[in-house]
Amino acid sequence: MAEKVKRSKTKYTSIYFNENTKKYDVKYNFKEYDVKTGKNKYRAKWAYNLNTIAEAKQALAELQTGGAKAADKDITLEGAFELWKIRAQAKDFSPVTMSNTEEHLRMIYQFIPATTKVKDIDEDVYYKFCSDIRAHGYSEETLRSLNATFRKLINLVHKKKLVKENVLDYADNMKTKKKQDYKVLSKEEFDVIDQHFKNNSFYRLGVNHYPKYRLLFNLLFYTGIRIGECVALTYADFEEFDYYKKSEDKPIRIVPTSKSTEGKHLQGMRVRINKAYVSEIKLTKDPKNFKHRTIPLSPDPERLFMRIRSEHLMNGGSLDDRIFPWTHGACADALDKACSKNGLKHYTCHDFRHTFISTLIRKGVPLPVIEKVSGDTQATILERYSHMFETDEVMVLKAMQDL
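Residues numbered from 1 in each chain as written. Predicted model: local features only at pLDDT ≥ 70, side-chain atom pairs only at ≥ 80, totals over all residues. Heavy atoms only, no water.

Trainee: Could you give an account of the overall build of the protein, with specific residues and numbers?
Mentor: A count of helices and strands for the protein gives 14 helices and eleven strands. Every one of the 403 residues in the protein was classed for burial, and the buried ones make up 40%. Accessible area of the protein: about 23,500 Å², with a carbon and sulfur share of 52%. (Helix = DSSP H or I, 4+ residues; strand = E, 2+ residues; numbered from the N terminus. Buried < 20%, exposed > 50% of the residue type's maximum accessible area, 1.4 Å probe, protein only. Areas by Shrake-Rupley, 256 points an atom, 1.4 Å probe, with all protein chains shown as cover.)

Trainee: Explain the packing of aromatic side chains to me, and be specific about the residues and the numbers.
Mentor: Under the counting rule described, the total for this entry stands at 24 aromatic pairs. Feature note: the residues F190, F197, F202, Y210, Y213, F217, F221, Y222, F324, W326 and F352 constitute an aromatic cluster, connected by ring pairs. Across the ring face of W46, the terminal group of R7 is positioned such that the distance to the ring centre comes to 4.3 Å. Over the face of the ring belonging to Y277 we find R322, whose NZ or CZ atom lies 4.1 Å from the ring centre. (Phe/Tyr/Trp six-rings, centres within 6.5 Å; stacked < 30°, edge-to-face > 60°. Lys NZ or Arg CZ within 6 Å of the ring centre and 35° of its normal.)

Trainee: Which residues make up helix α5 (residues 140–159), and what values go with them?
Mentor: Taking 1.5 Å per residue as the helical rise, α5 with its 20 residues ought to reach 28 Å, and the 28 Å between its terminal C-alpha atoms agrees with that figure. Looking at α5, one finds that the buried residues are E140, E141, L143, L146, N147, T149, F150, R151, L153, I154, L156 and V157. In this fold, the buried residues of α5 make contact with α2 (77–90), α3 (95–108), α4 (123–135), α11 (349–362) and α13 (378–384). Phi for K161, located one or two positions after α5, is positive at around 60°. (Expected span 1.5 Å × (residues − 1). Contact = heavy atoms within 4.5 Å.)

Trainee: Go over helix α10 (residues 328–341), please, and point to the residues and values.
Mentor: Taking 1.5 Å of rise per residue, 14 residues should cover 20 Å, and α10 covers 20 Å from first to last C-alpha, within 8% of that figure. Burial in α10 covers these residues: H328, C331, A334, L335, A338 and C339. Buried positions in α10, seen along its axis, are confined to an arc of 130° and lie on one side of it. Structural note: α10 exposes K337, S340 and K341 on the side pointing more than 90 degrees away from its buried face. Here the buried face of α10 lies against α6 (187–199), α7 (210–223), α8 (227–231), β9 (276–278) and α11. Positive backbone phi, approximately 70°, marks G343, located one or two places after α10. (Arc of directions from axis to C-beta.)

Trainee: Can you lay out the pattern of salt bridges for me, pointing to particular residues and giving the numbers?
Mentor: Within this structure, the stated rule accounts for 16 salt bridges. A salt bridge links D132 to K128; its shortest N-O distance comes to 2.9 Å. Residue D132 and its partner K128 are located together in helix α4, separated by four residues, close to a single helical turn. Here K291 and E371 are joined by a salt bridge, their closest N and O atoms 4.0 Å apart. In this pair, K291 sits in the loop between β10 (283–285) and β11 (293–296) while E371 sits in helix α12 (residues 367–374), placing the two residues 80 residues apart along the sequence. Counted as one network, the salt bridges with shared partners bring together R226, E229, R293, R353 and D376. (Salt bridge = Lys/Arg side-chain N within 4 Å of Asp/Glu carboxyl O.)

Trainee: Please set out the packing of α7 against α11 residue by residue, giving values where relevant.
Mentor: Running from amino to carboxyl end, α7 crosses α11 at an angle of 35°, the nearest separation of the two axes being 7 Å. Between α7, through F217, L220, F221, Y222 and T223, and α11, the contact on the second element is made entirely by C349, F352, R353, T355 and F356. (Axes fitted to C-alpha atoms, helices over the stretch in contact; angles between N-to-C directions.)

Any functional reading would require information that these geometric values do not contain.
This is the structure in structure tokens:
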């Protein structure tokens with residue numbers, strides 16, 4: 001019969017004196033997330049037969065930091081990201097790529113914890129992740145980004161031979177819509193949505209929220225900004241501009257009409273896009289790709305904004321307050337209800353952006369101008385909207401006819 005091990009505590013947590021061997025043993029307690037059951041499992045690792053307290057402390061530190069060679073292949077998602085950062089810095093990836101990947105990981109960790117071991121991610125776990133992020137209501141663009149970030153970490157770990165099997169070799173890739181699959185709203189359909197929020201009301205805590213929803217969807221339609229950029233807006237982000245000013249005296253400011261935009265002396269208002277709100281992690285950050293920009297406002301959203309701003313200030317509000325205190329999901333729900341009630345096809349908030357860029361292309365607005373107001377690069381616009389540039393060859397031929 002084996003001799004029963006007798007250990008006594010020392011003044012150091014997790015370090016014990018083994019009465020049998022007259023040496024020190026170390027016990028490291030930790031919890032491990034089971035991706036299939038969704039629960040934590042509590043485990044322990046031991047290091048035995050250490051001659052001195054100093055050796056015991058060092059062994060405990062290695063167990064706590066994952067420095068022990070036995071744990072090298074138990075790499076977690078968080079560890080995979082650290083590996084990727086080293087590679088990204090060596091290859092001089094842009095700060096935008098670094099920042100976007102870090103943000104994507106924060107969103108991914110809502111569904112698969114950072115401590116999840118890559119070797120535990122099998123086909124079922126990957127499909128559940130895809131299902132969870134889709135059910136969360138992200139846009140197709142966000143779904144693609146999160147999926148791509150998740151996959152590149154898995155592929156990197158396999159390439160480094162830290163896992164024997166790559167789940168992505170046999171798990172089907174998540175399918176998302178292509179950009180050309182996004183729907184485009186007609187002006188008539190948008191007018192129906194606009195009238196819905198104008199003629200109806202939704203009260204919460206004694207406040208009718210529909211006037212602000214009406215402004216939000218007008219901004220999405222007439223400026224093409226992303227929903228995260230829109231809900232991050234404050235009253236101070238709107239500024240007046242004045243083109244072709246001929247005198248030092250500032251003219252009287254009036255609410256514009258459609259006809260006033262045709263005058264030689266053009267006044268108006270523009271909105272500054274310098275931040276975006278991530279509802280899932282309640283964070284305000286720079287807009288995508290750090291594309292700060294200004295966009296001129298059409299008369300309809302400008303009139304709505306001036307009315308709402310005036311009421312806000314009369315009630316003691318500040319220009320630094322956010323205009324829309326909602327999440328992305330709340331905005332999507334409001335749009336969905338408006339579409340359902342009025343018999344329209346289901347539109348998403350991103351469809352407004354697709355409509356805006358498609359309209360500018362159709363109206364012949366130069367590509368550099370579209371890049372300036374949309375925040376997308378010319379390369380991205382050409383890639384995503386290439387089907388709309390098919391008549392450009394005719395333009396080239398006509399330009400060369402009369403040489």
